[in-house]
Amino acid sequence: MGVPGGFASILFEGLVCAMSVLTGMIGLLLCLLIIQTYMYFMHYSEDASVTKFLVIAMWILDTLHTSFIFHALYHYLITNYAVLTSLEYIVWFLYLPL
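What counts as what
- Residues numbered from 1 in each chain as written.
- Predicted model: local features only at pLDDT ≥ 70, side-chain atom pairs only at ≥ 80, totals over all residues.
- Heavy atoms only, no water.
- Helix = DSSP H or I, 4+ residues; strand = E, 2+ residues; numbered from the N terminus.
- Buried < 20%, exposed > 50% of the residue type's maximum accessible area, 1.4 Å probe, protein only.
- Contact = heavy atoms within 4.5 Å.
- Areas by Shrake-Rupley, 256 points an atom, 1.4 Å probe, with all protein chains shown as cover.
- Phe/Tyr/Trp six-rings, centres within 6.5 Å; stacked < 30°, edge-to-face > 60°.
- Core = buried A, V, L, I, M, F, W, Y, C linked by side-chain atoms within 4.5 Å.
- Expected span 1.5 Å × (residues − 1).
- Polar contact = N/O pair within 3.5 Å; in protein donor to acceptor, adjacent residues only side chain to side chain.
- Patch = residues over 30% accessible without salt bridge, like charges linked within 9 Å, V, L, I, M, F, W, Y side chains within 5 Å.
- Salt bridge = Lys/Arg side-chain N within 4 Å of Asp/Glu carboxyl O.

(A) The overall build of the protein, seen in detail. Within the protein one finds two helices and zero strands. Split into buried and exposed, the 98 residues of the protein put 22% on the buried side. For the protein, contacts bridging at least 24 residues in sequence account for 59% of all contacts bridging at least 6. Summed over its atoms, the accessible surface of the protein is roughly 7,100 Å², and 76% of this surface lies on carbon and sulfur atoms.

Written out as C-alpha cells, the structure is:
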C-alpha cells in the first residue's frame, strides 16, 4: 500500500526518513547514558546515597522517555504506515514525554 503521488507523498517520505534517522540517534544517546551510568557506579561507589538515587532516577526516567518515543515511532512507521489520517492526531503516549 503506497501513498498517492503529489505533495503528500513527498511530505510523508521525508517524515519517514527523518523519523528513522532520529530513532537511531535516540538509541545511540540511550546507549551512552547506560555506559555513563555503569561507569559512575564503578568509579564513584563512595558517593552519597542521594546522588546515587538521582543517577538511578535519571536513568529510569530517560529509559521510559526513550521507550515512549520508540513506541510512537513504531505506531506511526509500522502500524499505521502510509495512513495519512493517523498523522492528524497525537496518540496518548506522546504526551507523556512532554
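Structure shown, so let's carry the discussion forward.
(B) Spatial organisation of the packing of aromatic side chains. A complete count under the given rule lists two aromatic pairs for this structure. Following the ring pairs from residue to residue traces out a cluster consisting of Y40, F41 and Y44.

(C) Structural context of the nonpolar core. Judged by nonpolar contacts, V16, M19, I69, A72, L73, Y76, L77, V91 and F93 together constitute the single largest core of nine residues. Within the residue set of this core, elements represented by two or more residues are α1 (7-43) and α2 (49-79). The element that contributes the greatest number of residues to this core is α2, accounting for five residues. Once residues within four sequence positions are removed from consideration, M19 is found in contact with L73, Y76 and L77.

(D) Structural view of α2. The end-to-end C-alpha separation of α2 is 43 Å, in line with the 45 Å expected for 31 residues at 1.5 Å each. Along α2, the positions that sit buried rather than exposed are T66, I69, A72, L73, H75, Y76 and L77.

(E) Region of the structure containing the side chain of H75. For H75, the location among the structural elements is in helix α2. Under the relative-accessibility criterion, H75 is labelled buried at 14%. Apart from the residues within four sequence positions on either side, H75 is in contact with N80, Y89, V91 and F93.

(F) Up close: the side chain of T66. Considering the arrangement of structural elements, one finds T66 in helix α2. The buried category is assigned to T66, whose relative accessible area is 3%. At a separation of 2.8 Å, a polar atom in the side chain of T66 contacts the main-chain carbonyl oxygen of D62. Every residue in contact with T66, bar those within four places of it in the chain, is listed here: I26 and L30.

(G) Structural context of a nonpolar patch on the surface. Side chains of L28, L29, L32, I35, Y38, M39 and M42 sit close together on the surface and give an oily, nonpolar patch of about 740 Å² of accessible area. Here L28 is to be found in helix α1. Judged by its relative accessible area of 53%, L28 falls in the exposed class.

These results come straight from atomic positions and should not be treated as a statement about function.
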